[in-house]
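Close look at the chain arrangement
What follows is the residue order along each chain.
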Amino acid sequence: MQQYESVIILTPLLSEDAAKEAIAKFKNILTEGGAEIIAEDNWGLKKLAYPIQKKTTGFYHLTEFKAPGELIKKLEVEYKRDERVMRFLTIALDKHAVAYNEKKRSGAFNKKAETKTEEVAN
């Protein structure tokens, strides 16, 4: 199974509960298709770089998962059918991206910044 990362932008007209419901729907599609969800990151309501459908903000959500390749096509069809999704991007991760994400989740990048500030303080 290949490892993937999917980012979706949901319309800002949704309430927090409706956004969570939409994310749960896509998460359910993944788990029913045999995917293993590795990590999820809800970025919340963010300003868009440019207007999409005359909207300047959107709910961002990132999901990292392992899945068979044929499941991606089904997931993206569901993204296209759902009116709540303004944009989406699903990418296959190579070994370097997988290693980077593992380091990021373990906090390896934050630890170095903390040690530098401790050295400056001393």
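On a predicted model such as this, the values are computed, not experimentally measured, just so you know. (Residues numbered from 1 in each chain as written. Predicted model: local features only at pLDDT ≥ 70, side-chain atom pairs only at ≥ 80, totals over all residues. Heavy atoms only, no water.)

Here's the deal with the nonpolar core
Counting 20 residues, the largest nonpolar core has Leu10, Phe26, Phe65 and Leu75 as the members making the most contacts within it. For this core, the secondary structure elements donating two or more residues are strand 1 (2-10), helix 1 (16-32), strand 3 (55-67) and helix 2 (69-81). If you tally residues by element for this core, the top one is helix 1, at 7 residues. With sequence-adjacent residues up to four places away left out, Leu10 is seen in contact with Ala19, Ala22, Ile23, Gly58, Phe59, Arg84, Val85 and Met86. (Core = buried A, V, L, I, M, F, W, Y, C linked by side-chain atoms within 4.5 Å. Buried < 20%, exposed > 50% of the residue type's maximum accessible area, 1.4 Å probe, protein only. Helix = DSSP H or I, 4+ residues; strand = E, 2+ residues; numbered from the N terminus. Contact = heavy atoms within 4.5 Å.)

Considering the packing of aromatic side chains
In total, this model carries 4 aromatic pairs according to the counting rule given. Relative to Phe88, the ring of Tyr79 has its centre 5.0 Å away and its plane inclined at 45 degrees; by these criteria the two rings are tilted. Judged by relative accessible area, Tyr79 falls into the buried class, the value being 5%. Judged by its relative accessible area of 26%, Phe88 is partly exposed. Here the aromatic residues Phe26, Tyr79 and Phe88 are joined through ring pairs into a cluster of three or more. (Phe/Tyr/Trp six-rings, centres within 6.5 Å; stacked < 30°, edge-to-face > 60°.)

What about the sheet that holds strand 3?
Taken together, 4 strands build an open sheet; the order of strands is 2-3-1-4 and the sheet is antiparallel. Across the chains shown, the open sheet's two edge strands, defined by having one partner strand only, are strand 2 (36-52) and strand 4 (85-92). Here the strands of the sheet are splayed against their neighbours by 20 degrees on average, with no regard to which way each runs. Across 7 bridges, strand 1 lies against strand 4 in antiparallel orientation. Its bridge partner being in strand 4, Tyr4 is matched across the sheet by Ala92. Taken strand by strand, helix 2 contacts strand 1, strand 3 and strand 4, and its axis lies near 170 degrees from that of strand 4. (Pairing = 2+ DSSP bridges. Axes fitted to C-alpha atoms, helices over the stretch in contact; angles between N-to-C directions.)

Observations concerning the environment of Met86
Assignment of secondary structure puts Met86 in strand 4. Met86 gets classed as buried once you look at its relative accessible area, which sits at 6%. Counting along the chain gives 76 residues from Met86 to Leu10, while the straight-line C-alpha distance between them is 5.5 Å. Setting aside residues no more than four positions away along its own chain, Met86 makes contact with Ile9, Leu10, Thr11, Pro12, Leu48, Ile52, Gln53, Lys55, Thr57 and Gly58.

Here's the deal with helix 3 (residues 95-106)
The terminal C-alpha atoms of helix 3 lie 17 Å apart, and with 12 residues this matches the ideal 16 Å at 1.5 Å per residue to within 8%. Gly107, located one to two residues past helix 3, shows a positive phi value of around 85 degrees. (Expected span 1.5 Å × (residues − 1).)

Details of the side chain of Ser6
Looking at where Ser6 falls in the secondary structure, it is placed in strand 1. Taking the relative accessible area as the measure of exposure, Ser6 reaches 1% and is therefore buried. Among the polar contacts listed, one links the side chain of Ser6 to the side chain of Tyr79, at a separation of 2.9 Å. A distance of 3.1 Å separates the side chain of Ser6 from the side chain of Thr90, its partner in a polar contact. (Polar contact = N/O pair within 3.5 Å; in protein donor to acceptor, adjacent residues only side chain to side chain.)

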